[in-house]
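The primary structure of each chain is shown beneath.
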Amino acid sequence: MYDKIKEMLEERKQELETLLTRVETSARRKLDKDFEEQAIQRQNEEVLTSLDNSLNDELDQIEEALYRIEQGMYGKCVNCGNEISEKRLLAVPHTSLCIECAA
Ligand SMILES: [Zn+2]
């Protein structure tokens, strides 16, 4: 029933996992150059940390959406229980809220 969406979620999940691995690898890379470069490195780390957090959030939502598909609960708003429109699901497959509740 939600095969197409499940496929989209799984693809996005792989993409995010690849990105996260890349972010973590570059966050761990240490610069032992001069002070100025270390300052730049710290700024980069802050950007990477917030990127890391938003990627992790999305990954959590995707895993939850995949779980709801497995459980047959997918496509219903977790807040009001109404059906979420297919158009919205295709646009934001990891959503758990209908358009009214998300607004
Ligand atoms: Zn709702």
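Throughout what follows, the structure given in this document is the object of discussion. (Residues numbered from 1 in each chain as written. Predicted model: local features only at pLDDT ≥ 70, side-chain atom pairs only at ≥ 80, totals over all residues.)

On to the overall build of the protein chain, then. Regarding its fold elements, the protein chain presents four helices and zero strands. Going from the N terminus to the C terminus, the protein chain shows its helices and strands as α-α-α-α. Taken against the 2.2 N^0.38 rule, which gives 13 Å for 103 residues, the C-alpha radius of gyration of the protein chain at 18 Å runs more than 25% over that of a compact globule. In terms of overall dimensions, the protein chain has C-alpha extents of about 60 × 25 × 20 Å along its principal axes. The buried share of the protein chain, reckoned over its 103 residues, is 10%. Counted over contacts in the protein chain with a minimum sequence separation of 6, partners at least 24 positions apart contribute 55%. (Helix = DSSP H or I, 4+ residues; strand = E, 2+ residues; numbered from the N terminus. Rg over C-alpha atoms; globule rule 2.2 N^0.38 Å. Buried ≥ 20, exposed ≤ 12 C-beta atoms within 10 Å, placed from the backbone. Contact = placed C-beta atoms within 7 Å.)

Along the chain, the position of Ser26 falls in helix H1 (residues 3–28). Along the chain, Ser26 and Ser50 lie 24 residues apart, while their C-alpha atoms are 14 Å from each other.

What follows concerns the environment of Arg68. On the secondary structure map, Arg68 appears in helix H2 (residues 35–71). Arg68 sits 67 residues away from Met1 along the chain, and the two C-alpha atoms are 13 Å apart. In this structure, Arg68 is in contact with Met73 and Tyr74, ignoring residues within four places of it in sequence.

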